[in-house]
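Take a look at the letters that make up each chain.
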Amino acid sequence: MNRRILAHRGLSHLAPENTLAAFTLAVNMGVDWLETDLGITQDEHVVILHDDHLDRTTNGHGLLTTQTYAQLRRLSAGAWFDPRFASERVPNLQELVAFLNRTGMNANIELKSVVADNANVLADSLVRQFAKALDAISPNCEIIVSSKNPVMLLKLRQLRPQTHFAVLFDRYSLRDDWQLTMQACGAEYIHPQAAQLTYAQVSAFKRAGYQVNVWTIDARDLGNQLFNWGVDGIFSNCANEFLTEKRSLPH
Ligand code: G3P
Ligand code: MG
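Residues numbered from 1 in each chain as written. Chains lettered and ligands numbered in written order. Predicted model: local features only at pLDDT ≥ 70, side-chain atom pairs only at ≥ 80, totals over all residues. Heavy atoms only, no water.

How should I be thinking about the packing of helix α5 (residues 150–159) against helix α6 (residues 178–185) in this particular structure?
How two helices sit against one another is set out by the angle between their axes and by the gap between those axes. At a minimum axis separation of 9 Å, α5 and α6 run at an interaxial angle of 25°. Comparing the axis directions of α5 and α6 gives the class roughly parallel. Of the residues in α6, those touching α5 at Pro150, Leu153, Leu154 and Arg157 are Thr181, Gln183, Ala184 and Cys185. Grouping the constituent residues of the contact of α5 with α6 by class yields five nonpolar, two polar and one charged. (Axes fitted to C-alpha atoms, helices over the stretch in contact; angles between N-to-C directions. Helix = DSSP H or I, 4+ residues; strand = E, 2+ residues; numbered from the N terminus. Parallel < 35°, antiparallel > 145°, perpendicular 65-115°, else oblique. Contact = heavy atoms within 4.5 Å. Nonpolar A, V, L, I, M, F, W, Y, C, P; charged D, E, K, R; others polar.)

Spelled out as structure tokens, the structure:
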């Protein structure tokens, strides 16, 4: 059985999340799926960032959507993790596309909800640019686009219906009517949170014909249990530790 192991924000236990260093380490360790998150700056540059705010993963402050791209690129996206990564920058969408095309890596790219006074304008711009970028990714790379926000998926679906969609559910949003959201978004994949997920729920997803990728799992026992339940993939911060063929860290 093919078990999909996705490096959550890159190999984020060994390098700062959502940086080219974390992505490169995932490839070098033999991981073939990457998970990453898209946001947008005030001046409509699409970039790779998990949080709405800059504070946790850069040496900047405030909302991403209040920063220009030039301001953002002056920040370190790695110093918070380790001084060795101080030169890492918040990558942009074009750098992600180039990385995927160069390495042949598969990716789950997550569309984050936009937090801004002009959120609709920025969300439309993000999705429009992303639709174009998806066309520039090599067909050798499998791409899944996910979001916790169905509206983001529907916007993209209008522009690019051939996209492979996943709906992300957390333990609170996963209710009995989950399949309505899946159908509305034309999703092929369901991405539930591991916490409080049950065997009965996984069985129902599989019976309905969906592929199931669960987030975020760093413990081997839990990963094995989920695969025994029939899930197709897991997101992990330490994806390399789930590979059957282990590689050591490059020097
Ligand atoms: O895509 C799986 C996972 O990344 C979803 O949650 O908050 O880590 O982006 P988050
Ligand atoms: Mg994510």
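Moving on from the coordinates now.
Honestly, the pairing of strand β9 (residues 233–236) in this entry has me stumped. Any pointers?
Consecutive residues of a regular strand have side chains that alternate between opposite faces of the sheet. Neither face of β9 is exposed, since Gly233 and Phe235 on one face and Ile234 and Ser236 on the opposite face are all buried. Relative to β9, strand β1 (residues 4–8) is paired through four bridges, and the arrangement is parallel. Directly across from Ala7, in β9, lies its bridge partner Ser236. The handedness of the strand β8 (residues 211–214) to β9 crossover, carried by helix α8 (residues 220–229), is right-handed. (Buried < 20%, exposed > 50% of the residue type's maximum accessible area, 1.4 Å probe, protein only. Pairing = 2+ DSSP bridges. Right-handed = clockwise from strand over helix to strand, strands pointing away.)

Looking at this model, I keep getting lost on the coordination of the magnesium ion (ligand 2). Mind explaining?
Octahedral six-donor coordination of a metal ideally yields angles of 90 or 180 degrees, compared with 109.5 degrees for tetrahedral four-donor coordination. Those protein atoms acting as donors to the magnesium ion (ligand 2) are Glu35 (OE), Asp37 (OD) and Glu110 (OE), and they sit at 2.0 to 2.2 Å. Written as a sequence motif, the donor arrangement for the magnesium ion (ligand 2) is E-x1-D-x72-E. Taken together, the positions of Glu35 in strand β2 (residues 33–40) and Glu110 in strand β4 (residues 106–111) put the pair 75 residues apart, joining distant regions of the chain. Assigned by exposure class, Glu35 and Glu110 land together as buried. (Donors = N, O, S within 2.8 Å, 3.2 Å for Na, K, Ca; no water.)

How do you make sense of the site of ligand 1 when you look at a structure like this?
Ligand 1 sits among His8, Arg9, Glu35, Asp37, His50, Asn108, Glu110, Lys112, Lys148, Leu168, Trp215 and Phe235. His8 places a polar side-chain atom, nitrogen or oxygen, 2.8 Å from an oxygen atom of ligand 1. Arg9 places a polar side-chain atom, nitrogen or oxygen, 2.7 Å from an oxygen atom of ligand 1. A total of 290 Å² of accessible area belongs to ligand 1 in isolation, and the protein chains cover 95% of it. Here the shell around ligand 1 is composed, by residue class, of three nonpolar, three polar and six charged. (Near = heavy atom within 4 Å. Polar contact = N/O pair within 3.5 Å; in protein donor to acceptor, adjacent residues only side chain to side chain. Areas by Shrake-Rupley, 256 points an atom, 1.4 Å probe, with all protein chains shown as cover.)

I would appreciate a short explanation of helix α7 (residues 199–207) in the present structure.
The complete set of buried residues in α7 reads Val202, Ser203 and Phe205. Taken around the axis of α7, the buried residues stretch over an arc of 160°, which confines them to a single face. Facing away from the buried side of α7 by over 90 degrees, the exposed positions are Ala200 and Arg207. Packing partners of the buried residues in α7 comprise α6, β7 (187–192), β8 and α8. (Arc of directions from axis to C-beta.)

Where do I start with the nonpolar core in this structure?
Side chains that are nonpolar tend, in soluble globular proteins, to be buried together. With 68 residues, the main nonpolar core has Leu38, Leu100, Ile109, Phe130, Ile143, Val145 and Leu156 as its most contacted residues. Of the residues forming this core, the biggest block, nine residues, is contributed by helix α4 (residues 119–135). Not counting the four nearest positions on each side in its chain, Leu100 is found in contact with Leu34, Met105, Ala107, Ile109, Ile137, Cys141 and Ile143. One finds Leu49, Leu54, Leu72 and Leu75 within the second-largest nonpolar core, a separate group that totals nine residues. (Core = buried A, V, L, I, M, F, W, Y, C linked by side-chain atoms within 4.5 Å.)

What exactly am I supposed to notice about the packing of aromatic side chains here?
Two numbers describe a pair of aromatic rings. These are the distance of the centres and the angle of the planes. The tally for this structure, following the rule as stated, stands at six aromatic pairs. Between Trp80 and Phe81 the ring centres are 5.5 Å apart and the planes differ by 80°, which places this aromatic pair in the edge-to-face class. In this structure Trp80 comes out as partly exposed when scored by relative accessible area, which is 36%. Their ring planes at 65° and their centres at 5.9 Å tell us that Tyr199 and Trp229 sit as a pair that is edge-to-face. Residue Tyr199 is located in helix α7, and its partner Trp229 is located in helix α8; the two are separated by 30 residues in the primary sequence. Taken together, the ring pairs in this structure connect Trp80, Phe81 and Phe85 into an aromatic cluster. The cationic tip of Arg4 hangs over the ring face of Trp33; the distance from NZ or CZ to the ring centre is 5.2 Å. (Phe/Tyr/Trp six-rings, centres within 6.5 Å; stacked < 30°, edge-to-face > 60°. Lys NZ or Arg CZ within 6 Å of the ring centre and 35° of its normal.)

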